[in-house]
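One-letter residues, chain by chain:
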Amino acid sequence: HPRDLTDAQLRGIAATGGVVGLNFHSPFVVRKRAATLADVVRQAQHLLRVAGEVHVAIGADFEGGVRPARGLEDASHFPDLARALLGAGVSEAAVRRVFSENALRVLCRSGK
């Protein structure tokens, strides 16, 4: 999708200490069909591999006209995503970072 970040952009964001959002909007995850939870897991694995586990956060994009991946229709499915990530070999520490720690680190920076 034209809004997707390139691997070079992912590495650049990581180099500045930033985070990238794991998006659930089906057209941003896959082309020509409805995305699934498994597709989002593959997207997460790519982001984690390229940007690193301290630079990926949930970026669900639930607001306004979003067609979320099947199995991730709302935040009540976050535990399913966590289990799927763990099942795909993502460490517990990385899952914790993706779900909270990375976004908090960036959002709560003191500017020092």
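Residues numbered from 1 in each chain as written. Predicted model: local features only at pLDDT ≥ 70, side-chain atom pairs only at ≥ 80, totals over all residues. Heavy atoms only, no water.

Side note on the overall build of the protein chain
Scanning the protein chain from terminus to terminus reveals 5 helices and 2 strands. Ordered by position from the N terminus, the helices and strands of the protein chain form the series α-β-α-α-β-α-α. Whereas a compact globule of 112 residues would reach a radius of gyration of roughly 13 Å, the protein chain reaches 14 Å, a difference of no more than 12%. With the C-alpha coordinates aligned to their principal axes, the bounding extent of the protein chain is approximately 45 × 30 × 25 Å. The 112 residues of the protein chain split such that 38% are buried. (Helix = DSSP H or I, 4+ residues; strand = E, 2+ residues; numbered from the N terminus. Rg over C-alpha atoms; globule rule 2.2 N^0.38 Å. Buried < 20%, exposed > 50% of the residue type's maximum accessible area, 1.4 Å probe, protein only.)

Comments concerning unusual backbone geometry
With phi around 65°, Lys32 is a residue other than glycine that occupies positive phi space. We classify Lys32 as exposed; its relative accessible area is 88%.

A look at the pattern of salt bridges
If the charged atoms of two oppositely charged side chains come close together, the side chains can form a pair. Applying the stated criterion to the full structure yields 5 salt bridges. Residue Asp39 pairs with Arg42 through a salt bridge whose shortest N-O separation is 2.3 Å. Of this pair, Asp39 and Arg42 both sit in helix H3 (residues 37–51), 3 residues apart, which is roughly one turn of that helix. The exposure class assigned to Asp39 is buried, which follows from its relative accessible area of 4%. Taking the relative accessible area as the measure of exposure, Arg42 reaches 46% and is therefore partly exposed. Residues Arg96 and Glu101 are paired through a salt bridge, measuring 3.1 Å at the closest nitrogen-oxygen approach. Taking the relative accessible area as the measure of exposure, Arg96 reaches 43% and is therefore partly exposed. The exposure class of Glu101 is partly exposed, given its relative accessible area of 35%. Residues participating in the shared-partner salt-bridge network are Arg33, Asp39 and Arg42. (Salt bridge = Lys/Arg side-chain N within 4 Å of Asp/Glu carboxyl O.)

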